[in-house]
4 protein chains.
Amino acid sequence: MKALVYQGPGNKAWEEVPDAVIIDDTDVVVRVEATTICGTDLHILKGDLPQVTDGRILGHEAVRTVTAIGQGVRRVAVGDRVLVSCITSCGTCRFCRDGHAGQCLGGGGWILGHLIDGTQAEFVRVPFADLSTYPVPAGVSDEAVLMLSDILPTGYEVGVLNGTVRPGDVVAVVGAGPIGLAAITGAKLFSPAHIIAIDLADSRLTAAKTFGADVTVNNSREDALEIVRSLTGGLGADVAIEAVGVPPTFELAASLIRPGGHIANIGVHGAPATLHLEDLWNRNITITTGLVDAYSTPTLLSLVGSGQLDAAKMVTHHFDLSDFERAYEVFANAADTGALKVVLTAAG
Amino acid sequence: MKALVYQGPGNKAWEEVPDAVIIDDTDVVVRVEATTICGTDLHILKGDLPQVTDGRILGHEAVRTVTAIGQGVRRVAVGDRVLVSCITSCGTCRFCRDGHAGQCLGGGGWILGHLIDGTQAEFVRVPFADLSTYPVPAGVSDEAVLMLSDILPTGYEVGVLNGTVRPGDVVAVVGAGPIGLAAITGAKLFSPAHIIAIDLADSRLTAAKTFGADVTVNNSREDALEIVRSLTGGLGADVAIEAVGVPPTFELAASLIRPGGHIANIGVHGAPATLHLEDLWNRNITITTGLVDAYSTPTLLSLVGSGQLDAAKMVTHHFDLSDFERAYEVFANAADTGALKVVLTAAG
Amino acid sequence: MKALVYQGPGNKAWEEVPDAVIIDDTDVVVRVEATTICGTDLHILKGDLPQVTDGRILGHEAVRTVTAIGQGVRRVAVGDRVLVSCITSCGTCRFCRDGHAGQCLGGGGWILGHLIDGTQAEFVRVPFADLSTYPVPAGVSDEAVLMLSDILPTGYEVGVLNGTVRPGDVVAVVGAGPIGLAAITGAKLFSPAHIIAIDLADSRLTAAKTFGADVTVNNSREDALEIVRSLTGGLGADVAIEAVGVPPTFELAASLIRPGGHIANIGVHGAPATLHLEDLWNRNITITTGLVDAYSTPTLLSLVGSGQLDAAKMVTHHFDLSDFERAYEVFANAADTGALKVVLTAAG
Amino acid sequence: MKALVYQGPGNKAWEEVPDAVIIDDTDVVVRVEATTICGTDLHILKGDLPQVTDGRILGHEAVRTVTAIGQGVRRVAVGDRVLVSCITSCGTCRFCRDGHAGQCLGGGGWILGHLIDGTQAEFVRVPFADLSTYPVPAGVSDEAVLMLSDILPTGYEVGVLNGTVRPGDVVAVVGAGPIGLAAITGAKLFSPAHIIAIDLADSRLTAAKTFGADVTVNNSREDALEIVRSLTGGLGADVAIEAVGVPPTFELAASLIRPGGHIANIGVHGAPATLHLEDLWNRNITITTGLVDAYSTPTLLSLVGSGQLDAAKMVTHHFDLSDFERAYEVFANAADTGALKVVLTAAG
């Protein structure tokens, strides 16, 4: 089969590799009919995640048809149309039993395209398939479902639910890239009074409006703190969601919050941030971090199925699997190309 | 009357001042029959809180007899024996209505000995008295009750409840001064499996054992992280409570926590700390900060009344009010004197 | 002034009474420019609430202008445009301090038009006015705001929040009268997958669709249980809200619920119901009851102000205050008149 | 092997049966070195659970050595000393993934000694063993651990956690049989102010005191409601736990509760109860029911291991497995024999 193979920092190729096959009896093999690229894949290519080794097939998002199953698989059958989650769950460790598969101690967690071969390929082996794939509701497009492999549950669980967004809240989202837009989409489900999108790029702020932000702030030229305060009687936002992953955006998010508010960090950070405890120690704030656990995936699938979540709106570009290298280029240059999520599909 | 008056950084005196009197119709005046000194008072004396102005009477902890009441006071009568809380509640702002009087927007919060004259005096005026004083249960000593003005509700609300201590948890408390001991006392109410006290002073660790810690770590010579990991299968503590207020202790607390764990900051910080988001972003941790709200004061009073909380154990030294300056000396030199809480009482 | 006076079971009259005046220093007097009738008023008129005595002015919902204030009132001024809540809060008892003013032990709770004179009058005295009235946002009509005296917070707190409605849930609402419609309106804020309205009257089910129900069941001829099961893979609803107040509707609600689901009772009951513990003991269900506390009133006011809640849609009929007796007739015969909420306004 | 076989209502025998063997690849076989009898077993023998068929081996509680494992078992090895939980978890259905294995839709839940052969035998087959057995901590006796198969997690999860017992609470436990005593034991972990045990038998009330109740009420001659009110300023208990399973005890529990309080039903009911909604509709109460899910089993095991839970105290009588019929007699006549839990052990 063909796959997108990591070849050390800065290098990758769409090339012939051995076929994906069943190894453990709880595995399935899925034919990848749609997959996508995540910002994390770009981090890997920069060499930021040294645990990803040369020769690894990248990718942790995919959708489609099961072609083989191990003997211990109970809930998935050959021919099923499934979503492959970015999170694999062993189902038996203390974290999986508690709904926190992102912290799996039993060989799961985020492993696809990270510690084992991933989804940017014609086929992918998915371990612990009963708990790591989800049946796709009828009538929903592959590309809508594909947004539930990672980006929508991440925005929803780590941003919206950890941040405890409530009806009537003022929610500030720092960063309007794909993950920030996913957080905005998820926040809308709770009817906040205002969603304030903050970014440096006007094109992303324009997108944020179509996803549900009613206030946008370009913080290259506008003062986010002043705008948030003017909307909140000087108190600050109820919830601030960090969706970038660098120290200044975390520190901005932390500065926007009202006493008693929540700061939900989604961003993948590579460096420490400064926590201004001299300002925050007596303000009753809560800060959360998290990797997605995917416990919300069935709920989000049902909301996509009932038309309440328009997930496909995130997709801006389409490519054939064989065109993977060009897709990476377009996605990596989002500032110029306006790319949010790019979808790669297998030729009919 | 006599009172302990702040006279700018480094200076204070027990001196004659005008009598405390009713100003607003929801005020009461309380004769101070027992009061104490808080670590925060030492911060004020160092000049760390510039909002405290020259001439301010210090102190935010007191117990005893109501001598005058305003016309609008409903729940307190002259002659009542009351606890004066460090937190004053207006009762009508959004935070007070929600149980968060520490964030009061209506003229309350922590004001005694800070923005208005305090309790280190023969008499003190207490605003919003219906909501800022508590009747003392019969049969409980003044000095036991006095620990509920600040230290016990602070350790309980900001450390134990914010940290969500649960039966069977491993709880690490960084700092075994009075506030750390209060957190240990409160944590015991939830039957954790282990309470690990961490401090640089052996004398405080010895005290921690009598308050309920079952493991102690002197981190001048022992490796707290290694000890916590050895008790938790390598995962880390369920809850880490920061009870000092300097960057290294916060950073230590943050390093001790398991995936999904809680870091509850109680310490009063004067400088930013480093938050290692590069390690924490994907660990599903929760960090909380807070000023006490005193919503737990009635519960804690009832537990002192029923003998389940031995609050008086915190008191190591006794003085007459007139001996206030010596009491400050003993309290400020806790490392030498072994002082935890010092109690000052009015001469019979 | 004129007022609607209860004269024992079956009797009432719009007649001259002494003017409303300040009695306690935390009272205000409000000129009633809009008021309405509640189903509970009909119960009183039937004699179901014997604590309501002859001569009592009825009504617990009103909006408008403050004409006098007591000396202890801080947050309300003469001339303010305010919402009068059905719940009066003393602000100092344990329940009020905890946000549960509906259970007030200090002279508040539901007292207007019940234990003291109410709002169906030209003027009304409102005790504890700082905590029992709310400033009306600019640009919002009196009649929209009037729905927040009772019906919307009741549906939201006692139905939606007690029932813990979540995105993706299937919510069954038994009873599509005004309170059921209020619950549907509130449930929509949480983006459930389905809201199923159940009633015996087609006209109410038609209304339910305009308020946000996507499935309606006329249980005079359709099988609610079967329909709920068909929408939930046989499991039952996540949340069932009882909005009628008779045993059969409670028992229906209890039968519709999935294992682990919530039954939120809003209905005012006059007789015991049968609880089928032989079916429910092992199904992990939660049943809640409650009187509104009005803690959500500020949030709902802000959502009305921002246009996210269309409260005025509930109003079907308008009358002049002097026409109160006819308004009662129309409201009492809702089956024929199609009345949901009737609004009475003072002549300009 | 030998086993206790149900032979239709009223009949049972300790007799030779085919050996327990692995059927599914996630099964283990455990040699039963200690087992016990549950009140539910008596219900089965009365014929109350018709789904239990003739020839079924009874029992859902056991401890000891794994003698065989299926090919798909990952976390359990031959020779391991394990606790067999009364709850079997498939691990992949929506309820198991959410921590609610008691509601398992995938072939688990309470099946041992109910829908498949149970633990009152020399050997037992345990399905889904990775999720349905727990390693026993070193240094803990078999009979202490055995109390964690069912009775302690049931009292803790369904009584204490569902009832949300908090420090300082007044907790009323209706029924001081084994399950009521388990609830008392669990409630103690949260330091309530008072635990009030209510029963008709003085012997059980005496036992209740040794388990942590500080107030006892024999409601054959004392007025529980009056006693609860006298301890709570007339308001009622914070939490009432029903631990019997008949209508009058449920109705008593419901009558004891304060506004805003919780009624946690543990009892196995065979008949409907009367729910006095005419009294409760406006009191903000919460009623919960539940089958144990066993999510707390690891926590309770660790508390037994650390000596904080003295589970073995529940055991009053010991028998050899071959003496099973006599053990049933003693347990069934608890009123005369004073039996709480009886333990049956395999001869060395």
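Please read these numbers as outputs of a predicted model, since none were measured by experiment.

(A) Molecular detail of the overall build of chain A. Helix and strand counts for chain A stand at 13 helices and 16 strands. The C-alpha radius of gyration of chain A comes to 20 Å, within 12% of the 20 Å expected for a compact globule of 348 residues. Overall, the C-alpha framework of chain A stretches about 60 × 40 × 40 Å when taken along its three principal axes. Every one of the 348 residues in chain A was classed for burial, and the buried ones make up 62%. At a minimum sequence separation of 6, the contacts of chain A that also span at least 24 residues come to 69%. In chain A, 23 positive and 39 negative side-chain charges are present, and the distance between their average locations comes to 5 Å.

(B) Representation of the packing of aromatic side chains. This model, assessed by the stated rule, comprises 14 aromatic pairs over all chains. With a centroid separation of 6.0 Å and 85 degrees between ring planes, the pair formed by F190 of chain B and F190 of chain D is classed as edge-to-face. With one member in each of two chains, F190 of chain B in the loop between helix 6 (178-188) and strand 9 (194-199) and F190 of chain D in the loop between helix 6 (178-188) and strand 9 (194-199) form a pair that bridges those chains. An identical accessibility class is assigned to F190 of chain B and F190 of chain D; each is buried. Relative to F190 of chain D, the ring of Y156 of chain D lies with its centre 6.4 Å away and its plane at 20 degrees, an arrangement referred to as stacked. Of this pair, Y156 of chain D sits in helix 5 (residues 151-161) while F190 of chain D sits in the loop between helix 6 and strand 9, and the two are 34 residues apart along the sequence. Comparing Y156 of chain D with F190 of chain D shows no difference in burial state: the two are buried. Connected via pairs of aromatic rings, a cluster forms that spans Y156 and F190 of chain A together with Y156 and F190 of chain C. Directly above the aromatic system of F211 of chain B lies the positively charged group of K313 of chain B, at a separation of 4.8 Å from the ring centroid.

(C) Focus on the interface of chain A and chain B. Each partner contributes residues to the interface: chain A has 36 residues there, and chain B has 36 residues. Carbon and sulfur atoms supply 61% of the area that chain A and chain B bury against each other, a total of about 3,100 Å² over both sides. Considering only the side of chain A, the residues that lose the most area to chain B are L277, W281 and T289 of chain A, jointly responsible for 23% of the buried surface there. Taken together, the connections running from chain A to chain B amount to two salt bridges. Across the pair R94 of chain B and D238 of chain A runs a salt bridge, and its minimum N-O distance is 3.9 Å.

(D) Main features of the relation of the copies chain A and chain D. When chain A is brought onto chain D, the operation consists of a screw motion whose angular component is 180 degrees and whose axial shift is 0.0 Å, with 0.0 Å RMSD remaining. These values place the two chain copies in the arrangement generated by a two-fold rotation axis. A shared binding surface is used by both copies, with 100% of the interface residues of chain A retained as interface residues in chain D.

(E) Focus on the packing of helix 5 (residues 151-161) of chain C against helix 6 (residues 178-188) of chain C. All names here are of chain C. The geometry of helix 5 relative to helix 6 is characterised by a closest axis approach of 8 Å and an angle of 65 degrees between their N-to-C directions. The angle between helix 5 and helix 6 places the two elements in the roughly perpendicular class. For the pair helix 5 and helix 6, the sense of crossing is right-handed. Between helix 5 and helix 6, the contacting residues are I151, L152, T154, G155, Y156 and V160 on the first element and P178, I179, A182, A183, T185, G186 and A187 on the second. Its residues assigned to classes, the contact of helix 5 with helix 6 shows nine nonpolar, four polar and no charged.

(F) Spotlight on the domain arrangement of chain A. Residues and elements named next belong to chain A. The assigned domain composition of chain A is domain 1 (2-150 + 293-345) and domain 2 (155-288). Spacing between the C-alpha centres of domain 1 and domain 2 amounts to 27 Å. Taken together, the contact pairs 14 residues of domain 1 with 12 residues of domain 2. Interface of domain 1 and domain 2: buried area, both sides summed, is about 1,200 Å²; carbon and sulfur atoms make up 68% of it. Summed over the three residues of domain 1 that lose the most area to domain 2, namely K313, M314 and L340, the buried surface amounts to 38% of that side. For the pair domain 1 and domain 2, the interface holds five residue pairs in polar contact (both at pLDDT 80 or more). Here the side of domain 1 that touches domain 2 gets three residues from one element, more than from any other, and that element is helix 11 (residues 297-305).

(G) Just the environment of G108 of chain A, in detail. Residue and element names in this part refer to chain A. With respect to the helices and strands, G108 occurs in the loop between helix 2 (94-97) and strand 6 (123-126). Using a relative accessible area of 12% as the deciding quantity, one classes G108 as buried. C-alpha separation for the pair G108 and L309, spaced 201 residues apart in sequence, amounts to 28 Å.

(H) Geometry of the sheet that holds strand 8 (residues 170-174) of chain A. One open sheet holds the 12 strands; their spatial order is 10(A)-9(A)-8(A)-11(A)-12(A)-14(A)-14(B)-12(B)-11(B)-8(B)-9(B)-10(B), and the pairing between them is mixed. Two strands bound the open sheet, and with one partner strand each, they are strand 10 (215-218) of chain A together with strand 10 (215-218) of chain B. Geometrically, the sheet is characterised by an average inter-axis angle of 15 degrees between neighbouring strands, direction not taken into account. Pairing of strand 8 (residues 170-174) of chain B with strand 9 of chain B, which is carried by five bridges, proceeds in the parallel orientation. Paired with V171 of chain B across the strands is I195 of chain B, a residue of strand 9 of chain B. Where helix 6 of chain B meets the sheet, its contacts fall on strand 8, strand 9 and strand 11 (237-242) of chain B, and the angle it forms with strand 9 of chain B comes to roughly 175 degrees.

(I) Fine view of the pattern of salt bridges. Residue and element names in this part refer to chain A. For the coordinates displayed, the defined rule picks out 48 salt bridges over all chains. In this structure, the salt-bridge partner of R81 is D142, at a minimum N-O distance of 2.7 Å. Remark: D142 occurs in helix 4 (residues 142-146) and R81 occurs in strand 5 (residues 81-84); sequence separation between them is 61 residues. If you follow the salt bridges from partner to partner, you end up with R31, E33, R64, R81 and D142 in one network.

(J) Structural context of the environment of A294 of chain C. All names here are of chain C. Structurally, A294 can be placed in the loop between strand 14 (286-288) and helix 11 (297-305). Relative accessible area serves as the criterion here: at 4%, A294 is assigned to the buried category. For the pair A294 and S89, spaced 205 residues apart in the sequence, the C-alpha separation amounts to 9.3 Å.

(K) Spatial organisation of the side chain of T249 of chain C. All names here are of chain C. Looking at the secondary structure, you find T249 in helix 9 (residues 247-255). Among the polar contacts made by the side chain of T249, one reaches the main-chain carbonyl oxygen of V246 at a distance of 2.8 Å. Those residues in contact with T249, other than ones at most four positions away along the chain, are V174, E242 and V244.

(L) Highlighting the sheet that holds strand 9 (residues 194-199) of chain C. Pairing within the open sheet is mixed, and its 12 strands lie in the order 10(C)-9(C)-8(C)-11(C)-12(C)-14(C)-14(D)-12(D)-11(D)-8(D)-9(D)-10(D). Strands with a single pairing partner mark the edges of an open sheet, and in this sheet they are strand 10 (215-218) of chain C together with strand 10 (215-218) of chain D. Averaged over all adjacent pairs, the angle separating strand axes in this sheet is 15 degrees, with direction ignored. The pairing of strand 14 of chain C with strand 14 (residues 286-288) of chain D spans three bridges and is antiparallel. The partner of T288 of chain C across the bridge, within strand 14 of chain D, is T286 of chain D. Across the sheet, helix 9 of chain C is in contact with strand 8 (170-174), strand 9, strand 11 (237-242), strand 12 (257-265) and strand 14 of chain C; its angle to strand 12 of chain C comes to roughly 150 degrees.

(M) Region of the structure containing helix 6 of chain D. Helix 6 of chain D sits mainly inside the fold: nine of its 11 residues count as buried. Those residues of helix 6 of chain D that are buried lie in contact with helix 5, strand 8 (170-174), strand 9, helix 7 (202-211), strand 11 (237-242) and strand 16 (341-345) of chain D.

(N) Seen up close, helix 5 of chain D. Residues and elements named next belong to chain D. Of all 11 residues making up helix 5, 11 are buried, and the element is well covered by its neighbours. Among the residues of helix 5, I151, L152, P153, T154, G155, Y156, E157, V158, G159, V160 and L161 are the ones counted as buried. Contacts made by the buried residues of helix 5 are with helix 6, strand 11, strand 12 (257-265), helix 11 (297-305) and strand 16.

Conventions adopted
- Residues numbered from 1 in each chain as written.
- Chains lettered and ligands numbered in written order.
- Predicted model: local features only at pLDDT ≥ 70, side-chain atom pairs only at ≥ 80, totals over all residues.
- Heavy atoms only, no water.
- Helix = DSSP H or I, 4+ residues; strand = E, 2+ residues; numbered from the N terminus.
- Rg over C-alpha atoms; globule rule 2.2 N^0.38 Å.
- Buried < 20%, exposed > 50% of the residue type's maximum accessible area, 1.4 Å probe, protein only.
- Contact = heavy atoms within 4.5 Å.
- Lys, Arg positive; Asp, Glu negative; His and termini not counted.
- Charge placed at Lys NZ, Arg CZ, Asp CG, Glu CD.
- Phe/Tyr/Trp six-rings, centres within 6.5 Å; stacked < 30°, edge-to-face > 60°.
- Lys NZ or Arg CZ within 6 Å of the ring centre and 35° of its normal.
- Buried area = accessible area lost by both parts, 1.4 Å probe.
- Salt bridge = Lys/Arg side-chain N within 4 Å of Asp/Glu carboxyl O.
- Least-squares fit on C-alpha atoms with pLDDT ≥ 70 in both.
- Axes fitted to C-alpha atoms, helices over the stretch in contact; angles between N-to-C directions.
- Parallel < 35°, antiparallel > 145°, perpendicular 65-115°, else oblique.
- Left-handed = near helix turned anticlockwise from the far one by under 90°.
- Nonpolar A, V, L, I, M, F, W, Y, C, P; charged D, E, K, R; others polar.
- Domains from an automatic or database assignment.
- Polar contact = N/O pair within 3.5 Å; in protein donor to acceptor, adjacent residues only side chain to side chain.
- Pairing = 2+ DSSP bridges.

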